[in-house]
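Given next are the chains, with one letter for each unit.
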Amino acid sequence: MSDDVRNIVLGVIAAGISAALGWFARTYLWKRKLRRKQAFFGLPDGAESLLVVNGDPAAGEPAVHRFDVFALLELAALVKDCGAHVRVVTQDTVHQGFGERTEFCVGGPGSNRRMLAHMAAMLPGVRITTDPEPGPDRAAFQIGGERHRMDPGVTEYVLLARLTAGDRRDARPVFLFCGQRAITNQAATRYLARHHEKLARKHGKNSFVLLLKVVNSQAYGPDVVELVGDVTRAATSPLPAPAPAGRTSHRA
């Protein structure tokens, strides 16, 4: 074998080894990234999750707002990426506890009984005005001592939470998307889809509650979202007993 042929053969072998090592490295990194995503969402291969949809309070019959439908589609894509399965259920047909399977719950307490139950059980520091009558406090959030009012189409708020029940290490999380309007629910699901890696690095498998602000949705839709802050401590600490008042607020 001449030196030229030997060099060509060695070059081909080296190129093959490099390609194989590159493929193994990419596969390893992809699998590690997938495992981290599955751990954050509580969705191992083949797991079942619940996607709880709310009702459109403006509709005269059972219906889901189109922005909530878009939110459900984005969540379904996340579940599929994890190699898991999703079961869509309406807010008035879920009669089971939480922690056995990952749950994604969409909509405020005024349109989603399941959200109301979760907030009462796990977010005692949050109060949301559910009175449908127009007014400055319509759909306002009170989180601890802070109140957040919406200016429809201009400034709106949504809570994005990842919560686990008790101290069970194997408990699956509940994700809440509780917005002042349907478009803010979609904004929260999109924020989660874009930032889940960052959130997983920061919070791991721990519970968190984030307050997000949706900016100028009448022009930008659900795309421009700002993080107001991490309100976990205030949201999970009971509020002081409110003074007697009219029935314009609901304590979640």
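In short, a report on the structure. (Residues numbered from 1 in each chain as written. Predicted model: local features only at pLDDT ≥ 70, side-chain atom pairs only at ≥ 80, totals over all residues. Heavy atoms only, no water.)

## With respect to the pattern of salt bridges
Stated precisely, the cut-off is as follows: A side-chain nitrogen of Lys or Arg and a carboxyl oxygen of Asp or Glu constitute a salt bridge if their distance falls within 4 Å. For helices the rule is a DSSP run of H or I covering at least 4 residues; for strands it is a run of E covering at least 2, with both sets numbered from the N terminus onward. In this scheme, a residue with accessible area under 20% of its type's maximum is buried, one over 50% is exposed, and one in between is partly exposed, where area comes from a 1.4 Å probe on protein chains only.
Scanning the entire structure with this criterion turns up 13 salt bridges. Close ionic contact of arginine 35 with aspartate 45 constitutes a salt bridge, the shortest N to O distance being 3.7 Å. Of this pair, arginine 35 sits in helix H1 (residues 3-41) while aspartate 45 sits in the loop between H1 and strand S1 (48-53), and the two are 10 residues apart along the sequence. Accessibility expressed as a relative area gives 42% for arginine 35, which makes it partly exposed. On the basis of relative accessibility, which here comes to 52%, the residue aspartate 45 falls in the exposed class. Note that aspartate 223 and arginine 194 form a salt bridge whose closest N and O atoms lie 3.6 Å from each other. Of this pair, aspartate 223 sits in the loop between helix H5 (217-220) and strand S10 (225-230) while arginine 194 sits in helix H4 (residues 182-203), placing them 29 residues apart in sequence. The class for aspartate 223 is partly exposed, based on a relative accessible area of 38%. Connected through shared salt-bridge partners, Glu74, Arg190, Arg194 and Asp223 make up one network.

## Notes on the side chain of glutamine 38
Stated precisely, the cut-off is as follows: Residue contacts are defined here by distance: any two heavy atoms, one from each residue, within 4.5 Å place the two residues in contact.
Relative to the helices and strands, glutamine 38 is located in helix H1. Apart from residues no more than four positions distant in its own chain, glutamine 38 is found in contact with Leu43, Pro44, Asp45 and Cys82.

## Looking at the environment of glycine 99
As for its placement among the helices and strands, glycine 99 is situated in the loop between strand S2 (85-90) and strand S3 (103-106). Here glycine 99 falls in the buried class, since its relative accessible area comes to 3%. As a C-alpha pair, glycine 99 and glycine 42 span 57 residues in sequence and 9.8 Å in three-dimensional space.

## A look at the environment of aspartate 68
Positionally, aspartate 68 belongs in helix H2 (residues 66-81). Here aspartate 68 falls in the buried class, since its relative accessible area comes to 3%. In the structure, aspartate 68 is positioned 39 residues away from glycine 107 in sequence and 7.8 Å away in space, judged by C-alpha atoms. The contact partners of aspartate 68, leaving out residues within four places of it in the chain, are Asn54, Val106, Ala182 and Asn185.

## Here's the deal with a positive patch on the surface
Let me state the cut-off plainly: Two joining distances apply to patches: 9 Å for like charges and 5 Å for nonpolar side chains (Val, Leu, Ile, Met, Phe, Trp, Tyr), and every residue must have over 30% relative accessible area and no salt bridge. The protein chains shown are the only cover counted for residues, whose accessible areas, like all others here, come from Shrake-Rupley with a 1.4 Å probe. Under the counting rule used here, the positive set is Lys and Arg, the negative set is Asp and Glu, and His together with the chain ends is not counted. Charge placement uses NZ in Lys and CZ in Arg. For Asp and Glu, CG and CD serve respectively.
Taken together, Arg32, Arg36, Lys198, Arg201 and Lys202 make up a surface patch of like positive charges. Those elements that place two or more of their residues in the positive patch are H1 and H4. Broken down by element, the residue count for the positive patch peaks at three residues, all from H4. Topologically, arginine 36 is positioned in helix H1. A relative accessible area of 54% means that arginine 36 is categorised as exposed.

## Examining the nonpolar core
Put simply, the rule is: As used in this record, nonpolar core signifies buried Ala, Val, Leu, Ile, Met, Phe, Trp, Tyr and Cys residues forming a set joined through side-chain atoms within 4.5 Å.
By size, the foremost hydrophobic cluster in this structure holds 27 residues, and its most contacted members are Phe41, Phe104, Phe177 and Leu192. Secondary-structure elements contributing two or more residues to this core are H1, S1, H2, S3, strand S7 (155-163), strand S8 (174-179), H4 and strand S9 (208-215). Among the elements that take part in this core, H4 stands out by supplying five residues, more than any other. Apart from residues lying up to four places away in sequence, leucine 192 is in contact with Phe40, Phe41, Leu78, Leu160, Phe175, Phe177 and Leu199.

## A word on H2
Our working definition: Multiplying 1.5 Å by the helix residue count minus one yields the expected span of that helix. Summarising the geometry, the arc corresponds to the directions from the helix axis toward the C-beta atoms.
The terminal C-alpha atoms of H2 lie 23 Å apart, and with 16 residues this matches the ideal 22 Å at 1.5 Å per residue to within 8%. Within H2, the full set of buried residues consists of Phe67, Asp68, Ala71, Leu72, Glu74, Leu75, Leu78 and Val79. Axial view of H2: buried residues confined to an arc of 165 degrees, hence all on one face. Of the exposed residues in H2, those oriented more than 90 degrees away from the buried face are Arg66, Leu73 and Lys80. Glycine 83 sits one or two residues past H2 and shows a positive phi near 75 degrees.

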